Amino acid sequence: MSQSTSFSSDHIPDISDFSPERWTIKFVNEGAANLVFEVRLPPSPPSTTGSRSNGSNDIFQGNLLRVPKAGAKTFPYPELQQYWESTITPLFPPENLAQHQLVKLGHSPSKVVALLNDILIREESGRRKDFRGTRVLPDAQYGMLIEDMRSQNPSDLFVEFKPKWLSPSPSQHTRCRNCAREAYRDHLDPSHHKAHRLGILCPLDFIACRDSLESLDNVLKHILPASSSPSQRTRLIHWLKTNTLLPALQKVQSEHDPSLGVNLELAMTLRDCSLFLRISSPEEGPGKVRVDAKLADLDKKNAAKKKHHWEWLERNLVEGGFYGGKETPREKTYCLLERSKRN
Ligand SMILES: Nc1ncnc2c1ncn2[C@@H]1O[C@H](COP(=O)(O)OP(=O)(O)OP(=O)(O)O)[C@@H](O)[C@H]1O
Ligand SMILES: [Mg+2]
Ligand SMILES: [Zn+2]
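Residues numbered from 1 in each chain as written. Chains lettered and ligands numbered in written order. Predicted model: local features only at pLDDT ≥ 70, side-chain atom pairs only at ≥ 80, totals over all residues. Heavy atoms only, no water.

**A short note on the state of the cysteines**
- If you walk through the whole model with that rule in mind, you get 0 disulfides.
- Sulfur of Cys209: no disulfide; nearest cysteine sulfur belongs to Cys202 and is 11 Å away.
- With a relative accessible area of 0%, Cys209 lands in the buried category. (Disulfide = S-S within 2.5 Å. Buried < 20%, exposed > 50% of the residue type's maximum accessible area, 1.4 Å probe, protein only.)

In structure tokens, the structure reads:
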């Protein structure tokens, strides 16, 4: 935490108080810096007063547990939480942000951390190859309880994607930042191409798909789960064409453009977040569809550490001609800007 911020941990619940040895824990997923688990408490014993507990005091109900990975070099969770509360929450309506709160993991060596690591070892073969072997930060003191955005019943559609850069900077004529960077990656490592069977989605398509069938097809190709039903597809299309969240994100991104050099930290955070979408079942009738669209992973970035790499990469993109599609050999991309020039 910065020196000027006073941080009191008194009010933060300690989840090691809830008998961790009795939990049922499932590994949910992971990114480069964090691990996410589902925790279930054992059913509470019938109350002695005769009234049945309704589980409302279950801190894990409706939430997932997010913890830092060892070696991730990100800010400590109290700093992430504080940043989110002070800088991110004013930018979006609360219903568009996956809510989260800090929890303590108990005194080091934390029993909770040991249990989570046991699960990781058990699940090792199901993890992404390059993540296998990584564990929870050994002396982690804090975790986050984050609103669980997964399906609540089998007919729900859960979609997750990173919207990335939703508008081009003024200097970008042939490729947007995202597509220029992808072209650069292909240029350095031709196998990168093959890793993307479907090609790279141009993030500008997320906004353009309101009016363009071609953009809509691109987006669906990349984010619609293969297992989805025709009605789920229809509901996703409706959301893509009418949502206010992506335009809102686009707007705050352009207000915080890295080229303005004002708040690189926030500019980066806004371009690396995830969007979780849960579209609920139409069982109650077509008018009753419920859509929860929330941004997550809005973690403060270490701009001081990343600034050099950022500027270096930007120089390479400009000087290597990747924004203009002038690199040799020319990499194949499918940027919306490139397509509109052709037409
Ligand atoms: N609130 C949530 N609801 C449902 N799934 C979630 C939630 N939070 C995280 N996940 C799952 O866990 C994964 C990793 O979470 P998260 O994005 O917090 O990790 P990260 O290390 O910050 O990722 P990245 O490397 O992309 O920055 C997500 O991609 C998602 O699949
Ligand atoms: Mg992240
Ligand atoms: Zn593009």
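So much for the structure itself; the text now carries on.
**Brief notes about the site of ligand 1**
- Around ligand 1, the structure places 18 residues, and the nearest of them are Ala32, Ala33, Arg66, Glu147 and Glu160.
- Here Glu147 contributes a backbone N or O atom positioned 2.7 Å from a nitrogen atom of ligand 1.
- Relative to its free-state accessible area of 620 Å², ligand 1 is covered by the protein chains to the extent of 89%.
- Broken down by secondary-structure element, the contributors of at least two residues to the shell around ligand 1 are strand S1 (24-30), strand S2 (34-40), strand S3 (63-68) and strand S5 (142-147).
- Grouping the amino acids of the shell around ligand 1 by side-chain chemistry returns 7 nonpolar, 3 polar and 8 charged.
- Counting the residues that make up the shell around ligand 1, at least three belong to each of domain 1 (15-147) and domain 2 (157-342). (Near = heavy atom within 4 Å. Polar contact = N/O pair within 3.5 Å; in protein donor to acceptor, adjacent residues only side chain to side chain. Areas by Shrake-Rupley, 256 points an atom, 1.4 Å probe, with all protein chains shown as cover. Helix = DSSP H or I, 4+ residues; strand = E, 2+ residues; numbered from the N terminus. Nonpolar A, V, L, I, M, F, W, Y, C, P; charged D, E, K, R; others polar. Domains from an automatic or database assignment.)

**Observations regarding the coordination of the zinc ion (ligand 3)**
- On the protein side, the zinc ion (ligand 3) has Cys176 (SG), Cys179 (SG), Cys202 (SG) and Cys335 (SG) as donor atoms, found 2.3 to 2.4 Å from it.
- Around the zinc ion (ligand 3) sit 4 donor atoms, and with donor-metal-donor angles ranging over 103 to 117° the site reads as tetrahedral.
- Along the chain, the residues donating to the zinc ion (ligand 3) are arranged with the sequence spacing C-x2-C-x22-C-x132-C. You can see Cys176 sitting in the loop between strand S6 (157-161) and helix H3 (177-188) and its partner Cys202 sitting in the loop between helix H4 (191-195) and helix H5 (204-208), a full 26 residues away along the chain. (Donors = N, O, S within 2.8 Å, 3.2 Å for Na, K, Ca; no water. Tetrahedral: all angles 85-135°; square planar, octahedral: opposite > 155°, others 65-115°.)

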